[in-house]
Amino acid sequence: MTRTMDQGDGTDPGAEEMRGAFEAIVTVAAEPPMRDVTGAAIAGGRRLRRRRRATAVAGVSTAVVVLVAVAVGLTPVGAEPVTPVVPAQTPSPSGVPDPAPSPDTGPSRSLAPEDGSTPMPSDEPMPSDGSSAEEPERADDLTEQERERERDTR
Amino acid sequence: MREATREREFREFAEARQRHLRRSAYLLCGDWHEAQDLTQTTLMKLYAAWGRVRRDGNVEAYARTILTRTFIDQYRRRGWLVEAVEEVPEPPGGQGPTPELRLVLQAALMRLPPRYRAVLVLRFWEDWSVEETARALRVTTGTVKSQTARGLAQLRRLVEQETVEVSGR
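Here goes a summary of the coordinates provided.

**A few points about the overall build of chain B**
- When helices and strands are tallied, chain B shows nine helices and zero strands.
- Start at the N end of chain B and walk to the C end: the helices and strands fall as α-α-α-α-α-α-α-α-α.
- Looking at chain B as a whole, 47% of its 169 residues are labelled buried.
- Only carbon and sulfur atoms are counted for the fraction: they give 51% of the accessible area of chain B, which is about 8,400 Å².

What follows is the structure, given as structure tokens:
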């Protein structure tokens, strides 16, 4: 308590006076006995820490959810749909024409009308009359027929 | 195990320092019961951050900073203007005669705005430098210097006023 108090650029003559006043207030004032505050402080401190931790976890979770939502929202909507996988074809015996539709054999397996009109481009959407949905089924049927033919030849 | 060590270390510190903390709190708020609550809140906040505070070192300074900030926050919530003109709490009865000077000083101190009081307590009771006080109160050193000067001037005026009032009774 003997340190000289500087008030920025000089010393303050009231510093000692002030210290004396504080001493007087505290020492003369009838100080009630100190009750134990440590136990209560520890309990309260633990609670406070738990609350802070929970808040932090909630904050991180919210941030993750928001990030995921933003990422999903930013994904392009008009992305090309994945073409359905056509069932694998069994090797056909030689001389037998392959009737099953296959994306690999696109132009050769032409569905072009015999009258020579322009065929429908393969990437154009199919009419929604359900005909496209039947396509894989027909392929299955044909494969089945091929299998039967194979069995007969054996 | 870690928690037990933490608790033991904290208990050692709290039991050694709580009396001094309560006295500082009393100088700030002028009431022993309020000072006790302020001390408990300070220790609670200190325990919540005990690991980090221990690592950083200066536990003592950290505790005083929490005490002062908690006091200022409490009064900010209540309203500065209302508090500044509040009546000085009467000392509880049955504690024997108290010197007049102490009453005058305490009354004058309690009539100071809380922030001035905090600056004066940190500077002259805790014996902190301008820089330390500025850091604890989150203000500039210029603010600490000006508030110290204004606080002291106002306190002198109030003490004179109180002395006249007391002698005139």
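Picking up where we left off.
**Remarks on helix α2 (residues 38-74) of chain A**
- In this model α2(A) runs 53 Å from its N-terminal to its C-terminal C-alpha over 37 residues, within 8% of the 54 Å that 1.5 Å per residue would give.
- Regarding α2(A), the residues found buried are Thr38(A), Ala41(A), Ile42(A), Gly44(A), Gly45(A), Leu48(A) and Arg49(A).
- Elements that come into contact with the buried residues of α2(A) comprise α1 (2-29) and α2 (32-48) of chain B.

**Description of the interface of chain B and chain A**
- Contacts between the two partners involve 44 residues from chain B and, on the opposite side, 39 residues from chain A.
- For the pair chain B and chain A, the summed buried surface comes to about 4,000 Å²; carbon and sulfur atoms form 64% of the total.
- For chain B, the biggest contributors to the area lost against chain A are Phe124(B), Trp125(B) and Asp127(B); these three give 15% of the whole.
- Where chain B touches chain A, the interface holds five salt bridges.

**A word on unusual backbone geometry**
Residues and elements named next belong to chain B.
- A positive phi is found at Asp 127, a non-glycine position, where the angle reads about 65°.
- One can find Asp 127 in the loop between α7 (114-125) and α8 (130-137).
- For Asp 127, a relative accessible area of 18% gives the class buried.
- Phi at Arg 138 is positive, roughly 55°, even though this residue is not glycine.
- Within the secondary structure layout, Arg 138 lies in the loop between α8 and α9 (141-168).

**Some details on α7(B)**
Residue and element names in this part refer to chain B.
- Of all 12 residues that make up α7, 12 are buried, and the element is covered over most of its length.
- Among the residues of α7, Pro 114, Arg 115, Tyr 116, Arg 117, Ala 118, Val 119, Leu 120, Val 121, Leu 122, Arg 123, Phe 124 and Trp 125 are the ones counted as buried.
- Backbone geometry just after α7 places Asp 127 at a positive phi near 65°.

**Quick word on the packing of aromatic side chains**
Residues and elements named next belong to chain B.
- Inspection of every chain in the model, using the stated rule, returns five aromatic pairs over all chains.
- Summarising the aromatic geometry, the rings of Phe 10 and Tyr 47 are spaced 4.9 Å apart at their centres and angled 65° between planes, so their arrangement reads as edge-to-face. Of this pair, Phe 10 sits in helix α1 while Tyr 47 sits in helix α2; the two residues are 37 residues apart in sequence, bridging distant segments of the chain.
- When its relative accessible area of 0% is taken as the criterion, Phe 10 is described as buried.
- Each ring, one from Phe 71 and one from Tyr 75, has its centre 4.7 Å from the other, and the planes form 55°; the classification is tilted. One end of the pair is Phe 71 and the other is Tyr 75, both in helix α4 (residues 59-78) and four residues apart, which spans about a single turn. Like Phe 71, the residue Tyr 75 is buried in the burial classification.
- Clustering of aromatic rings is evident, with ring pairs tying together Phe 10, Phe 13, Tyr 47 and Trp 50.
- Between the NZ or CZ atom of Arg 6 and the centre of the ring of Tyr 47, over which it lies, the distance is 5.0 Å.
- Over the ring of Tyr 75 we find Arg 117, and its NZ or CZ is 6.0 Å from the ring centre.

**Overview of the side chain of Thr68(B)**
- For Thr68(B), the location among the structural elements is in helix α4.
- When sequence neighbours within four positions are dropped, the list of residues in contact with Thr68(B) reads Leu28(B), Ala118(B), Leu122(B) and Leu137(B).

**Considering a nonpolar patch on the surface**
- On the surface, Val60(A), Val64(A), Val68(A) and Val72(A) cluster together into a nonpolar patch covering about 360 Å² of accessible area.
- Its relative accessible area of 45% is what places Val64(A) among the partly exposed residues.

About the thresholds
- Residues numbered from 1 in each chain as written.
- Chains lettered and ligands numbered in written order.
- Predicted model: local features only at pLDDT ≥ 70, side-chain atom pairs only at ≥ 80, totals over all residues.
- Heavy atoms only, no water.
- Helix = DSSP H or I, 4+ residues; strand = E, 2+ residues; numbered from the N terminus.
- Buried < 20%, exposed > 50% of the residue type's maximum accessible area, 1.4 Å probe, protein only.
- Areas by Shrake-Rupley, 256 points an atom, 1.4 Å probe, with all protein chains shown as cover.
- Expected span 1.5 Å × (residues − 1).
- Contact = heavy atoms within 4.5 Å.
- Buried area = accessible area lost by both parts, 1.4 Å probe.
- Salt bridge = Lys/Arg side-chain N within 4 Å of Asp/Glu carboxyl O.
- Phe/Tyr/Trp six-rings, centres within 6.5 Å; stacked < 30°, edge-to-face > 60°.
- Lys NZ or Arg CZ within 6 Å of the ring centre and 35° of its normal.
- Patch = residues over 30% accessible without salt bridge, like charges linked within 9 Å, V, L, I, M, F, W, Y side chains within 5 Å.

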